[in-house]
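# Residue-level structure breakdown
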Amino acid sequence: MKVSFKYLKNHVDLSDITPEELAAKLTFAGAEVEEVSPFAQGTHLVIGHVLSCLPHPDSDHLHVLQVDEGPEFGVHQIVCGAPNAREGLNVIVARNGAKLPGGEIKPSKIRGVESDGMCCSLLELGVDRKYLSDYQCSGIEELPSDAPVGSTDVLGYLGLDDVALDLSILPNRPDLYSFENVCREVSCLLERPFKAEEVSSQSLTETAFHVGSSTEKCPLFTARVIRGVKTKESPLWMKRMLETCGIRSINNVVDIGNYIMLLTGQPLNMYDLDKLPVPELIVRDDLSEDFLAMDGNRYPLEKGDLVVTSGGKPMCLAGIMTADACRVDENTQNLVVEAAYFDGAFIRRTSNRIGLSSDSSLRFCKGINPDQMEYVQAKTSESLLSLADADQVSETISYDALPHAEREIETSFSYINGRLGTNFQPEEILRALKRDNLVADVSGDKVTVKVPSYRIDMDGQADVTEEVIRILGLDNIKSEFPSTRLSISGLTEKQKKKNDVRSVLRDLGMNEVLTYTLVSEATSASFRYLSKAQPYRLKNPLTVERSFVRPSLLPSLLETAAFNVARQNKDFGLFEISDIDAHGLQTRYLAGVLIGNRKDQGRIGEKPFDFFDAKGLIESVFEVLDIKANRYSLVSWSLGGEEMHPGRSAEIRIGKKLVGYLGELHPTLSKRLGLKTAVVFELDFEELCNVKTGNPKAVIPAKYPSVSRDLAILLDQKVDYQSIKREVLKSSALISEVQAFDVYQGKGIPDGKKSLALALTLSSLDHTLKEAEISEAVAKAIQSIKVKFGAEIRGE
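The structure reproduced in this document is the subject of the present report. (Residues numbered from 1 in each chain as written. Predicted model: local features only at pLDDT ≥ 70, side-chain atom pairs only at ≥ 80, totals over all residues. Heavy atoms only, no water.)

### Observations concerning empty space enclosed by the protein
This model, assessed by the stated rule, comprises three cavities of 30 Å³ or more. Space inside the largest cavity adds up to approximately 80 Å³. As for the largest cavity, its lining consists of 14 residues, and the residues nearest its centre are Pro174, Thr264, Gly265, Ile368 and Ile456. Per-class residue counts for the lining of the largest cavity are five nonpolar, seven polar and two charged. In this structure, the second largest cavity spans a volume of roughly 70 Å³. What lines the second largest cavity is Arg173, Asp175, Asn181, Arg184, Glu185, Cys188, Arg435, Asp436, Asn437, Tyr454 and Arg455. Tallying contributions element by element places helix H5 (residues 179-190) first for the lining of the second largest cavity, with four residues. Taken together, the residues of the lining of the second largest cavity sort by class into two nonpolar, two polar and seven charged. (1 Å grid on protein atoms, 1.4 Å probe; cavity = no way out; pocket = protein on both sides within 12 Å on 5 of 7 lines; lining within 4 Å. Points joined across faces, edges and corners; volume = space filled by probe spheres on them. Nonpolar A, V, L, I, M, F, W, Y, C, P; charged D, E, K, R; others polar. Helix = DSSP H or I, 4+ residues; strand = E, 2+ residues; numbered from the N terminus.)

Shown next, in the form of structure tokens:
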């Protein structure tokens, strides 16, 4: 926010303080000044009078002027190219040696004619183009006929001698969005009195106008009816102050509203009384219709948007913009001036949703002082009476549901010193609080601080402590390292498991990513297989696309994958381990995506990633977590949904509990994302880490040779390999390993059946197996799968 240095000087004695010195003091006290910028600048300036204007002898657009620069400097010849240069004009002259934003003025000869100085436009003095008309920008500045020729205080005469302090106001000091509070801050830092604004007495009339609110989001609403207003140009001092602060002057009525907002930090809104449907203003938050704003655009209203209505019709999008139907224009004679307190969170939400913000909405979002409404209304009325020729002002009409209780903060000297690490005496602390207009009641070590209403930033002991140290100076804090104790600690078991899994997946060629937690509503409804918990919705999202906390990692991973594929990165794997939070759910998921081809011997043996690549990765994860193969199973897909390919996907279960899933994306989704194929998996990592596993056991390697036997079985197509494997391993202690090496369906195999070839490994830790033992073990395996699955041994 830009603050006028001239305004500060009028209310605090800064006669011996430069803008740069004041900026340094404010910055060191926590109110950072980012830039000190003069509104206009130039040395060796004087007001001149053009005595004659003749064409240049060697140019069709230049003029040779004889300019009277007053009795001190006399008459000088100046060559000027401005199209509006003419005899009798009063102008701004930069004499030789003048330093302007564009450089230094020196004597010169222009096309053979001596030129002693330069006639200036305001643009050449550094005034921003947005405050000037096209006519002013195209030529030299034309001064009034009564301008004091020979005066060297050119910037002062034009009201351009102001300097803007550009404050970067932090969230902990919203009170500084008011010029008056900046003055109080300066007064406190320099220990100089603050000359407060005065309000003249006014004759107020009664009015039948009515205000109210049907929502708790607006607990305070005030208005005054002002009659007989005349819209005209603002006085020069007001225009220059607004322009110094970055606000273009419109007319006296609009400018008064902006001026009072800068002065007090309280946004105002003005309505044309004669355009309101009925003499009332009611705040509501239940409208759902289009709103035609004064900028000519239509904005959709939603329930929850704060709207000021009259006769049930929207007259203002609260804190943001007035409706076109009741805006103030050059024909306005009667006004309703609104000063209200709106819930900043809802102003921010509406402002972000429709993409419309303003200085007013910013102040509501940061916070305003609800206890100054009568003063604000009185100051506004005073300005309208003196600057807009108003002839009648009503009493203040109010709807007020706020308590307006005096705020008190209880703290102690020991707390303040303990928090700061200082040894301030009680007298020093009390002097600092007094400088900051904080009244303190002392009882022993206890201090009760009464907070002025304008200090909307203070609400706890820490705030009092902050005030003490920034006033007494941060240099009072000793620059020494705090004493610390070394403690031996390490990672938790879950942290170790997470790191081990990350390391293994990276070693297997996967790329670890960290994706954005917030997603759109549509995205939050996808891949809801591991949990049906409802996702959290943000109350005030920055965008609609980032309004929900994701309940699954896969949508974010697929978005990242699609981004890479669109940039010709076509063969890769991604994984992420992140927390998942939803209503009634707090857990951690592991998800992965395989895109394109798996390379083997470069591109010689490359082939597309498939279900079994994802299965291999998951088996590696389970192995790291010491979850044995007999503890989990892969079962056919039964979860439905539209994201996964139903014939090329599987569920991962421990017992009956679903702990993950894997498979190919549904072709429709792959096409929509711009992916040829994608293999994905998602695991409930928290659940897997909670699986109880035994301590690792040392196993003596077998001293005796193992034996292999092959079986070819015919069984129902629906029976999965894992079930067969578990049954065979259970049938005999001598069978140590089962591997499938062929699956066949087709010619010679009945419909609904498949041929599965198994390699059985048999061994014993204490002796060499005999043929009879081997045959018995194989027979038990055959009998077991015959009984359990109705399998047939091929070749019998």
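Having put the structure on the table, let's press on.
### Considerations on the sheet that holds strand E1 (residues 2-4)
One open sheet accounts for three strands, arranged E1-E12-E2; its pairing is antiparallel. The open sheet has two edge strands, E1 and strand E2 (33-38), and neither has a second partner. Here the average twist between neighbouring strands, direction ignored, is 25°. By the bridge criterion, five bridges tie E2 to strand E12 (residues 163-167) in an arrangement that is antiparallel. Counted as the bridge partner of Val36 is Leu165 from E12. Sheet strands touched by helix H2 (residues 19-28): E2 and E12. Its angle to E2, the strand with the most contacts, is close to 165°. (Pairing = 2+ DSSP bridges. Axes fitted to C-alpha atoms, helices over the stretch in contact; angles between N-to-C directions. Contact = heavy atoms within 4.5 Å.)

### Overview of the layout of surface pockets
When its volume is computed, the largest pocket comes out at roughly 1,400 Å³. Taken together, 42 residues form the lining of the largest pocket, with Lys615, Glu619, Leu634, Tyr721 and Gln722 sitting closest to its centre. Contributing elements (two or more residues each) for the lining of the largest pocket: helix H17 (611-624), strand E36 (633-636), strand E37 (644-654), helix H20 (721-731), strand E41 (735-744) and strand E42 (753-762). Take the lining of the largest pocket: its biggest share by element is eight residues, from H17.

### As for a nonpolar patch on the surface
Residues Phe28, Leu474 and Ile477 make up a contiguous nonpolar surface patch of roughly 270 Å² in combined accessible area. Within the element layout of this structure, Phe28 appears in helix H2. (Patch = residues over 30% accessible without salt bridge, like charges linked within 9 Å, V, L, I, M, F, W, Y side chains within 5 Å. Areas by Shrake-Rupley, 256 points an atom, 1.4 Å probe, with all protein chains shown as cover. Salt bridge = Lys/Arg side-chain N within 4 Å of Asp/Glu carboxyl O.)

### A look at the pattern of salt bridges
By the definition in use, this model includes 46 salt bridges. A salt bridge links Glu771 to Arg709; the shortest N-O distance between them is 3.1 Å. Within this pair, whereas Glu771 is found in helix H21 (residues 771-789), its partner Arg709 is found in strand E40 (residues 707-716), the two being separated by 62 residues in sequence. Classification of Glu771 as partly exposed rests on a relative accessible area of 46%. (Buried < 20%, exposed > 50% of the residue type's maximum accessible area, 1.4 Å probe, protein only.)

### Some words on H21
The end-to-end C-alpha separation of H21 is 27 Å, in line with the 27 Å expected for 19 residues at 1.5 Å each. Here the buried face of H21 lies against E40, H20, E41, E42 and strand E43 (792-793). Looking one or two places after H21, you find Gly790, whose phi comes out positive at around 65°. (Expected span 1.5 Å × (residues − 1).)

### Some points on helix H16 (residues 554-565)
The terminal C-alpha atoms of H16 lie 16 Å apart, and with 12 residues this matches the ideal 16 Å at 1.5 Å per residue to within 8%. If you check which residues of H16 are buried, you get Leu554, Pro555, Ser556, Leu557, Leu558, Ala561, Ala562 and Val565.

### With respect to the sheet that holds strand E6 (residues 90-94)
What the five strands build is an open sheet, ordered E5-E4-E3-E6-E11; its pairing is antiparallel. If you trace the sheet from one side to the other, it starts and ends with strand E5 (75-80) and strand E11 (118-120), each paired once. If you compare each strand with its neighbour and ignore which way they point, the axes differ by 50° on average. With six bridges connecting them, strand E3 (residues 45-55) and strand E4 (residues 63-68) associate as antiparallel partners. Across the sheet, Cys53 pairs through a bridge with Leu65, a residue of E4.

### As for the nonpolar core
Counting residues in hydrophobic clusters, the biggest one holds 90 residues, and the most contacted among them are Leu22 and Phe342. Not counting the four nearest positions on each side in its chain, Phe342 is found in contact with Lys217, Cys218, Phe221, Val283, Leu306, Val308, Ala318, Gly319, Ile347 and Phe364. Of all hydrophobic cores here, the second largest spans 30 residues; its members include Phe609, Leu634, Phe681 and Val691. (Core = buried A, V, L, I, M, F, W, Y, C linked by side-chain atoms within 4.5 Å.)

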